[in-house]
Amino acid sequence: MTDKPNILMIMADQLAAQALSFYGNPVCQTPHLDRLAGQSVVFDNDYSNYPLSVPSRASMMSGRLTPAIEDWATASALASGQPTIARPLRHHAYHTVWSGQIHFIGQEQTNGFDGR
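If you're wondering where the values come from, they're calculated on a predicted model, not measured in any experiment.

1. Considering the environment of leucine 52
In this fold, leucine 52 is placed in the loop between α1 (31-38) and α2 (53-62). Sequence-wise, leucine 52 and threonine 84 are 32 residues apart; in three dimensions their C-alpha atoms are separated by 19 Å. Not counting the four nearest positions on each side in its chain, leucine 52 is found in contact with Trp72, Ala73 and Thr74.

2. Observations concerning α2
Counting buried positions along α2 gives 8 out of 10 residues, so the element sits mostly inside the fold. Taken together, the buried positions of α2 are occupied by Val54, Pro55, Ser56, Arg57, Ala58, Ser59, Met61 and Ser62. In this structure, the buried residues of α2 make contact with α3 (66-69). Glycine 63 occupies a position one or two residues after α2 and carries a positive phi of about 75°.

3. Let's talk about a nonpolar patch on the surface
Residues Leu8, Ile10, Leu15, Phe22, Tyr23, Leu33, Leu36, Val41, Val42 and Phe43 make up a contiguous nonpolar surface patch of about 920 Å² in total accessible area. Mapped onto the secondary structure, phenylalanine 43 falls in the loop between α1 and α2. Looking at phenylalanine 43, the relative accessible area reads 58%, which means it is exposed.

4. What about the environment of serine 62?
One can find serine 62 in helix α2. You can call serine 62 buried: its relative accessible area is 13%. Along the primary structure serine 62 and asparagine 49 are separated by 13 residues, whereas in three dimensions their C-alpha atoms are 12 Å apart. Those residues within four positions of serine 62 in sequence are excluded, and the remaining contacts are Ile69, Gln82, Pro83 and Thr84. Within the local environment of serine 62, its side chain forms a polar contact with the backbone nitrogen of arginine 64, the two atoms lying 3.2 Å apart.

5. Some details on the confidence of the model for the protein
Scored by pLDDT, the protein has a mean of 85; 92% of the residues are at 70 or more. Confidence, read as mean pLDDT per element, is least for α2 in the protein (86) and greatest for α1 (93).

6. Some details on the packing of aromatic side chains
For the coordinates displayed, the defined rule picks out 3 aromatic pairs. Aromatic side chains tryptophan 98 and phenylalanine 113 sit 5.5 Å apart centroid to centroid with 80° between the ring planes, which places their arrangement in the edge-to-face category. With a gap of 15 residues between them, tryptophan 98 in the segment after α4 (86-91) and phenylalanine 113 in the segment after α4 connect regions that are remote in the sequence. The two residues tryptophan 98 and phenylalanine 113 agree in class, both being buried.

7. Describing unusual backbone geometry
For glutamate 70, which is not glycine, the phi dihedral falls at a positive 50°. Among the secondary structure elements, glutamate 70 is positioned in the loop between α3 and α4. We classify glutamate 70 as exposed; its relative accessible area is 62%. Phi is positive for alanine 93, which is not a glycine, with a value near 65°. Among the secondary structure elements, alanine 93 is positioned in the segment after α4.

What counts and how
Residues numbered from 1 in each chain as written. Predicted model: local features only at pLDDT ≥ 70, side-chain atom pairs only at ≥ 80, totals over all residues. Heavy atoms only, no water. Helix = DSSP H or I, 4+ residues; strand = E, 2+ residues; numbered from the N terminus. Contact = heavy atoms within 4.5 Å. Buried < 20%, exposed > 50% of the residue type's maximum accessible area, 1.4 Å probe, protein only. Patch = residues over 30% accessible without salt bridge, like charges linked within 9 Å, V, L, I, M, F, W, Y side chains within 5 Å. Areas by Shrake-Rupley, 256 points an atom, 1.4 Å probe, with all protein chains shown as cover. Salt bridge = Lys/Arg side-chain N within 4 Å of Asp/Glu carboxyl O. Polar contact = N/O pair within 3.5 Å; in protein donor to acceptor, adjacent residues only side chain to side chain. pLDDT = per-residue confidence, 0-100. Phe/Tyr/Trp six-rings, centres within 6.5 Å; stacked < 30°, edge-to-face > 60°.

And the structure:
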């Protein structure tokens, strides 16, 4: 067993906070997300760092704004040498995996992640 917390980052396209019961929606039922939110950190304010999904994901994973990483389109890939959040996490003995839409990483790239 380890003292390190598990880190799960969820980034969903087209999922608005007002559609989630843990943000106060009285109609939508999201029991699994509610349970996860109850055991986690939930942010009250969040903003998309770019209006397109792929550059936004690349920006979030690299911690750099889109102009700095020159990732502008939904068909672009983050440069293979661009550090991401995965590298410092791996340095601290985390196993890092990307699941789901990983469009910002090219076919042969991992950008620091252990796997997909």
